[in-house]
Amino acid sequence: MAVQEAKRANRLKSGKLVNKLVNEYWEDLINAKKTGKKVVYTTGLPIGPFMAAQDMAWIHGEGYGARVAARHEEKEPQTFAENKGFNRELCSYARTQMGCAMFAELGVPDDLNPGPIATEIPAPDAIVTCYPGCSTGPQWDWAIERVFGKKIPWFNVVIPYHMGRNGSTYMKGEEFEENVKYVVRQFEDLIKFLEVVSGKPYNWDKFQELMGVTKKVGKLRMEAMELCKAKPAPASFFDWSIQIAPVNYLTAWPGTVEAMQAVKDEVQERLDNGVSAVPNEKYRIFWEGIMNWNKLGWMADKFASYDATVVAGRYTHMAFWHEPDTIDPEHPLRGIAINHLECQLNLGYPITEERMMTLSKDYSIDGIVFHGARTCRSFSRSHFLLAENLNKKMGIQSTSFEGDMVDDSFYKEELVNTRIEALIESLEAQKSRG
Amino acid sequence: MTSKSDRSSFYTMGVDSGSLTGKAVIIDGNRQIVSHSVKQLGFVSQKAVMMAIDDALEKAGLALEDITYTVSTGYGRKRLEIAGKNLTEISCHAKGANYLYPEVKTVIDIGGQDSKVIAVDPSGNVKNFAMNDKCAAGTGQFLEVLARALDVELTEIGALSLQSDADIKISSMCTTFAESEVISLVAEGHTTVDILSGMHKAISGRMKGLVGRVGMQQPVMMTGGGAKNIGLVKALEKTLGVSIFIPDEPQIIGALGAALFANDFATGIRKKVEEEQDLDKSRVPAKDCASCSVQNFQLNKN
């Protein structure tokens, strides 16, 4: 039975290398204005290399919210945003960044005491939105513009859904090819936009070099994750959640190749030496939903205490340069478009289900945990259907609970405990039936 | 080999520390129910749990020391120090329902804080389950809040709702918003019985979604405090198109399942002890072998 003992997840040591890169990125960002760099706010998919090639700094809204939450500094900006009228049900990433932006622009009120990360955000010189499957993103950027009270140059890349029309499947078919062309045309216009904002011709050589780095990091990450098909898994979803930064807002940042290589080496070494992410792996779980950034360690240890390894997830395994082979550094736009079009948030239901079934088979999944983020219904829109169909088609049991990306006030710990424990008990009963 | 009389001479207890009530069930070694108790005081009330335990012990004529093993379940399951193990309500309701009605395949439990649907195998194990994913929507707490808003005793709402033949829709299942909706319906002049009927239909609709996720198979049993609400039971039967079996004491099914698990554990422990005792009897100490590390050996019985 599911008796929770004090076991801890054996998390990757090399994961800490990311902290150094994050700190370097952050130092560069907060000093950007002093060094004459333009600052671009982005939301949605990882498009940092577009700006990096022009020697511009960028803030990725969700990545920033996640970092503020991981440092447990999210409460003050969220409270400030709510006090200014941004509803609590609004995307918590947006609420967090809005609060931080307002600290920067309006000053910190006497009754709040925010941490340093939450107050150092520089003002934007431009905004680039690049969202799949989310209607909040563009409005978030619109609100940012209003906070700073001036007309900020704004470019919106529209990533259309890949619905799977007329037989189009994952990375195949007419719908897919048309979507790729549509996004590539927008990227070409984005580059013209960045030339205007930066006041100089686009540095294609630098862009190609950065996309070469992106491809390498993407490939290393996917290879390292695939090593975890082994039983027991040498690393878990929670390790891969930490490794999102180098393939998200740190994409192509100096040092990311070395950091990801170190991660892959450690995973390989663990595999060679029989070291696992969870001391006594009995169950293999798929995590469906966005990670809860302020609950990362808590969740990792919780599953470890039930001898369960969360080995894969839609968030980690179906996005963030997950198709690195499609990137041709000499002609990078098509590869970027493919990775962004075929990411976890952007696929129609039949394709999503097919991808999840493939991952569940590849990673020998016993059960699925559906995390319904309270303030991101976009991500959880197919949860019930996925739960039903993966159970019918593959016999995989699941449980669901409600939480959030960066607002832990939506958690009720015992509600989460009961649902996870019930799944584990149910899996144990299933194993005992044989 | 333990005789039947020996087996029945030990007792195990299941304790369900629920969000609104404390329940305790004591069974004997033959897995027969000896006593049970249900007490309500407040949210996850330890006092209610202790009262239920004391009451069950008193009814059984036992002291706490007479209980060989205790398993706890419910929201407060981890806070009960006397429990040897704790298990979720999902496993315990499945086990308890199977004990009372071995043919049961689907269990619907509407408790204080959670509503759940459990697919049960013939051994009483959980095959699949679905729970409400958040808050108290569609649960006992939801009914309590709305009963209060209508100034009706909780125990009366079931029978009252059956008097209605109106079709009032309550769209929100959020307890807070539904309360506002009920107040609005009262202001519009709808009768209490019609609103109560609408509440039950709303919960039934929600439960139908959970049942659909698990896949309903008959026979169906309903457990938890919600099963004592005849209006809700009838609404569910109509919505699902099935007859629902209601046990005599639907609130104790989780505690009963916990007591049965406790019996399993206690039996396992006793068996292991007995095997070890048998093993000890078959060992003889080695003599005059001080230099040898082997201090005893097992006789070959063959």
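Residues numbered from 1 in each chain as written. Chains lettered and ligands numbered in written order. Predicted model: local features only at pLDDT ≥ 70, side-chain atom pairs only at ≥ 80, totals over all residues. Heavy atoms only, no water.

### Some words on the overall build of chain A
Alright, step 1. In terms of helices and strands, chain A carries 17 helices and 8 strands.
Alright, step 2. For 434 residues, the compact-globule estimate of 2.2 N^0.38 gives 22 Å, and chain A sits close to it at 21 Å.
Alright, step 3. Its C-alpha atoms give chain A principal-axis dimensions of roughly 65 × 55 × 40 Å.
Alright, step 4. Sequence separation of at least 24 residues holds for 80% of the intrachain contacts in chain A that already meet a minimum separation of 6.
Alright, step 5. In the form shown here, chain A has an accessible surface area of approximately 15,900 Å², with 51% of it arising from carbon and sulfur atoms.
Alright, step 6. Across chain A, 51 positive and 58 negative side-chain charges occur, with their mean positions spaced 1 Å apart. (Helix = DSSP H or I, 4+ residues; strand = E, 2+ residues; numbered from the N terminus. Rg over C-alpha atoms; globule rule 2.2 N^0.38 Å. Contact = heavy atoms within 4.5 Å. Areas by Shrake-Rupley, 256 points an atom, 1.4 Å probe, with all protein chains shown as cover. Lys, Arg positive; Asp, Glu negative; His and termini not counted. Charge placed at Lys NZ, Arg CZ, Asp CG, Glu CD.)

### Side note on the pairing of strand S6 (residues 308–313) of chain A
Alright, step 1. For S6(A), a buried count of 6 out of 6 residues is recorded, marking the element as mostly surrounded by other parts of the structure.
Alright, step 2. Tracing the backbone out of strand S5 (residues 283–288) of chain A, into helix H12 (residues 296–305) of chain A and back to the parallel element S6(A) gives a crossover that is right-handed. (Buried < 20%, exposed > 50% of the residue type's maximum accessible area, 1.4 Å probe, protein only. Right-handed = clockwise from strand over helix to strand, strands pointing away.)

### A few points about the interface of chain B and chain A
Alright, step 1. Facing the 27 residues of chain B at the interface are 28 residues of chain A.
Alright, step 2. Between chain B and chain A lies a buried interface of about 2,200 Å² when both sides are counted; carbon and sulfur atoms form 50% of it.
Alright, step 3. The interface formed by chain B and chain A holds 4 salt bridges in total.
Alright, step 4. Two residues, Arg419(A) and Asp114(B), come together in a salt bridge whose shortest N-O distance is 2.8 Å.
Alright, step 5. One can count 9 residue pairs in polar contact (both at pLDDT 80 or more) joining chain B with chain A.
Alright, step 6. When residues of the side of chain B that touches chain A are assigned to their parent elements, the largest contribution, 5 residues, is made by strand S8 (residues 126–131) of chain B.
Alright, step 7. When the residues that make up the side of chain B that touches chain A are grouped by side-chain class, the tally is 9 nonpolar, 8 polar and 10 charged. (Buried area = accessible area lost by both parts, 1.4 Å probe. Salt bridge = Lys/Arg side-chain N within 4 Å of Asp/Glu carboxyl O. Polar contact = N/O pair within 3.5 Å; in protein donor to acceptor, adjacent residues only side chain to side chain. Nonpolar A, V, L, I, M, F, W, Y, C, P; charged D, E, K, R; others polar.)

### Describing helix H3 (residues 61–70) of chain A
Residues and elements named next belong to chain A.
Alright, step 1. In terms of burial, H3 is a largely internal element, 9 of the 10 residues being buried.
Alright, step 2. Every buried residue belonging to H3 is among Gly61, Glu62, Gly63, Tyr64, Gly65, Ala66, Arg67, Val68 and Ala69, and all of these are buried.
Alright, step 3. Looking one or two places after H3, you find histidine 72, whose phi comes out positive at around 55°.

### Quick word on the domain arrangement of chain B
Residue and element names in this part refer to chain B.
Alright, step 1. The domain boundaries assigned to chain B delineate domain 1 (4–96 + 253–278) and domain 2 (102–246).
Alright, step 2. Taking only C-alpha atoms, the centre of domain 1 and the centre of domain 2 are 28 Å apart.
Alright, step 3. Listed as interface residues are 12 residues of domain 1 and, on the opposing side, 16 residues of domain 2.
Alright, step 4. Buried surface at the junction of domain 1 and domain 2, summed over both partners, amounts to about 1,100 Å²; 68% is from carbon and sulfur atoms.
Alright, step 5. For domain 1, the biggest contributors to the area lost against domain 2 are Ile90, His93 and Ala94; these three give 46% of the whole.
Alright, step 6. Viewed at the interface, domain 2 and domain 1 are joined by 0 salt bridges. (Domains from an automatic or database assignment.)

### Looking at the packing of helix H9 (residues 204–226) of chain A against helix H11 (residues 256–273) of chain A
All names here are of chain A.
Alright, step 1. Contact pair H9 / H11: the axes reach a minimum separation of 9 Å and the direction vectors enclose 15°. One finds that H9 runs roughly parallel with respect to H11. Viewed along their axes, H9 and H11 form a crossing whose handedness is left-handed. Residues Val213, Lys216, Val217, Leu220, Arg221, Glu223 and Ala224 of H9 form the contact with H11, whose own contacting residues are Thr256, Val257, Met260, Gln261, Lys264 and Val267.
Alright, step 2. Here the contact of H9 with H11 is built from residues that sort into 7 nonpolar, 2 polar and 4 charged. (Axes fitted to C-alpha atoms, helices over the stretch in contact; angles between N-to-C directions. Parallel < 35°, antiparallel > 145°, perpendicular 65-115°, else oblique. Left-handed = near helix turned anticlockwise from the far one by under 90°.)

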